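Spelled out from the first residue to the last, the chains are:
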Amino acid sequence: MTVQSGARIAVLAPQVADQIAAGEVVERPASVVKELVENALDAGARAIRVEIEDGGKSLIRVSDDGEGMGRGDAELALSRHATSKIREAADLIGVGTFGFRGEALPAIASVSRFELETSPDGTSGTRLRVVGGKREGVDEAVRQRGTTVTVRGLFFNTPARRKFLRAQATETRAVAEAVTLLALTRPETAFTLASDDRTLIDVRPAASALERVGALWGGALADTLLPIAHREGPLEVRGFAQRPAQAKPAGRKGYVFVRGRPIRDPFILRAAEAGYRSTLAPDDRPSLVLFLDLPGDAVDVNVHPSKLEVRFRDKFFVEKVVEEAVRGALGPLAAAAPLTGIRGPGPGIGGSWEGLGEQLPAGLPLELFSRTPDTEPRTPSLLQVFDSYIVFQSDSGVAIVDQHSAHERVLYERVMRQLTGDGAPAQRLLLPLTLEFSGPELEAIEAHRELLRRVGFEAEPFSGRSVVVHTAPNPHPRFDAARCLQELVADLAGARFGALANRLERFAATFACRAAIKAGQRLEVEEMRELVVRLLSATLPAHDVHGRPTVVQLPRAELERRFGRS
Ligand SMILES: Nc1ncnc2c1ncn2[C@@H]1O[C@H](COP(=O)(O)OP(=O)(O)O)[C@@H](O)[C@H]1O
Ligand SMILES: [Mg+2]
């Protein structure tokens, strides 16, 4: 049936138009759940319950305790372009609700057996049934304030689309992901997700985003996250970035929210990863949760059918600020990993030994100089243990520095400056060194000649496979120029640091690793002091160029707990 028709052109019947809209909005059970939960949040719900059966293919039900609807509104809500959220196009600028197009309910109802029960006050209520877009009945219903939408037999009348649904487990996972995303945007709202009588998500109202993250993914993951709080101009970035040393190659969580909406934006995640600079091991991907807030007129949220993408007025600015925000979160020694995973004498003897560090607040501040009450800086004593670690007292506890990793970090930053500036002061060798190299190594020397010169190595081919070295850098008194150059060249010829995209970073990391003080070298107190001071003034002092920690800390509170003083 058509509404209006000419010779060839006819306006589509509303039911057909709804089904076509459903093609964009309703892709699978998870998209139905997303739309219904967003409506519940827009209605101010404090608690939302989602039930699915068979991955949502046979049943999806979303119940809320939000503001509900009166009879007239409930009937209108099922018409296309019926919304309570905007009145004119100008209202789209800075729209604060998830919905605004008024197409989800009619679209869902056009491809399912749909039932809506709602009450605005807990006394009078409405039940409305729609089958494949056809209204089947409106009754009185008794219920508490709020709304329940039940969707059965999704795509029962569009078999071609029903065929595209995936296995039950896959659809269930997608539904859980949709609920998780929305649960992250509203820590203060309770969410449950039940799938065929199994409870997959059950989170109570939380006081903070971090508490919500812990409830969704477990405290162990939440403890690896550092808070991000950064503002530049109109853009505020909050959220969490995982400590580099705790990032893993698989299973990372990466979420971006813009003005409270979950969006997919690989570029923003990539910008956030750039904020880690060289602190990540090659394959590791850090978990990231980013909440971006900026004025409504700086971003267009109406560019994608499921609103999963947004358009920024100045994308480069956003990416730059995100990168800085993450770098700032990792910057201070707060990023130093607390001692964790120390095992006790075994089960049954003191459970309190288990999980040392798990109760520690993330991000303890660490300052080199403990301050006495009259705020005179006092230089802490430094102790070298195992000829590999430097131990000293910090403001908040005991800090332990890995001397090789620390020196690597310090050299890396210095070398990055030298490579982009004038180069390093080199020492002319009294007796030039003659070293032998393999074919690929000779090519690597040739290819990196200018970079080698900038860090202090002047080398030229001599005869056959040998090279004469005229100058060498002098990063520390125990430096072995021949060994460093041999190892450096072997690394450059191989692909050891291949994961660092940037050639300069790769070269600097390789040089830093090879030129740094090694584990097992005894250090004088003055050398330790210089190393620690330099480390603490580096940009990312808590991590070396492989993403390993350079500093771990044993908080004083933990010592006091162990010794029964607190
Ligand atoms: N759970 C709910 N509680 C209260 N009102 C609702 C609920 N779901 C939908 N509505 C009402 O129905 C209208 C239409 O919903 P929808 O089709 O999703 O469009 P939109 O969310 O874009 O406005 C909403 O604007 C809202 O007024
Ligand atoms: Mg909606």
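Criteria and cut-off values
Residues numbered from 1 in each chain as written. Chains lettered and ligands numbered in written order. Predicted model: local features only at pLDDT ≥ 70, side-chain atom pairs only at ≥ 80, totals over all residues. Heavy atoms only, no water. Helix = DSSP H or I, 4+ residues; strand = E, 2+ residues; numbered from the N terminus. Axes fitted to C-alpha atoms, helices over the stretch in contact; angles between N-to-C directions. Parallel < 35°, antiparallel > 145°, perpendicular 65-115°, else oblique. Left-handed = near helix turned anticlockwise from the far one by under 90°. Contact = heavy atoms within 4.5 Å. Core = buried A, V, L, I, M, F, W, Y, C linked by side-chain atoms within 4.5 Å. Buried < 20%, exposed > 50% of the residue type's maximum accessible area, 1.4 Å probe, protein only. Salt bridge = Lys/Arg side-chain N within 4 Å of Asp/Glu carboxyl O. Pairing = 2+ DSSP bridges. Near = heavy atom within 4 Å. Polar contact = N/O pair within 3.5 Å; in protein donor to acceptor, adjacent residues only side chain to side chain. Areas by Shrake-Rupley, 256 points an atom, 1.4 Å probe, with all protein chains shown as cover.

With that settled, the discussion passes to the environment of G44. Structurally, G44 can be placed in the loop between α2 (29-42) and β3 (47-53). Spatially, the C-alpha atoms of G44 and G68 are 9.4 Å apart, while their sequence positions differ by 24 residues.

Following both chains from N to C, one finds helix α11 (residues 403-420) and helix α16 (residues 525-536) inclined at 55°, their axes separated by 9 Å at the closest point. Here α16 runs oblique to α11, going by the angle between their axes. Seen from above, α11 lies across α16 with left-handed handedness. Every residue of α16 that contacts α11 at Q403, A406, H407, R409, V410 and R414 is listed here: L531, R534 and L535.

A separate point is the nonpolar core. Core analysis: the biggest nonpolar cluster contains 59 residues, and V26, L36, V37, I48, V50, F114 and V151 have the highest contact counts within it. A per-element tally of this core places helix α6 (residues 168-185) first, with 9 residues. If near-sequence neighbours (up to four positions away) are discounted, L36 is found in contact with I60, V62, L105, I108, V149 and V151.

Counted by the stated rule, this structure contains 33 salt bridges. Notably, a salt bridge pairs R285 with E273, separated by 3.1 Å at the nearest N-O pair. One end of the pair, R285, is in the loop between α9 (266-274) and β15 (288-293); the other, E273, is in helix α9, with 12 residues separating them in the sequence. By relative accessible area, which is 36% here, R285 ends up partly exposed. Residue classification places E273 among the buried positions, given a relative accessible area of 17%. Of the charged contacts in the structure, one is a salt bridge between E487 and K518, with a shortest N-O distance of 3.7 Å. One end of the pair, E487, is in helix α14 (residues 481-493); the other, K518, is in the loop between α15 (503-515) and α16, with 31 residues separating them in the sequence. Grouping residues by exposure puts E487 and K518 together as buried.

Pairing within the open sheet is mixed, and its 8 strands lie in the order β7-β6-β5-β8-β4-β3-β9-β10. Edge positions in the open sheet fall to β7 (134-140) and β10 (198-203), since each of these has one partner strand only. Strand after strand, the sheet turns through a mean of 10° between neighbouring axes, direction not considered. Sheet strands in contact with α6 are β3, β9 (190-195) and β10, and its direction is about 175° off that of β9.

What follows concerns the packing of helix α12 (residues 439-447) against α14. Running from N to C, α12 and α14 point in directions that differ by 95°, and their axes come no closer than 8 Å. Looking at the two axes, α12 sits roughly perpendicular to α14. Residue-level inspection shows P440, E441, A444 and I445 of α12 in contact with α14, the latter providing V489, A490, L492 and A493.

Right, let's get into the site of ligand 1. In the region of ligand 1, 19 residues are neighbours, and N39, T83, S84, K85 and G102 sit closest. Between ligand 1 and N39, the relevant distance is 2.8 Å, taken from an oxygen atom to a side-chain nitrogen or oxygen of the residue. At 2.6 Å, a side-chain N or O of T83 approaches an oxygen atom of ligand 1. Contact with the protein chains covers 94% of the free accessible surface of ligand 1, which is 530 Å². If you tally residues by element for the shell around ligand 1, the top one is helix α4 (residues 104-110), at 3 residues.

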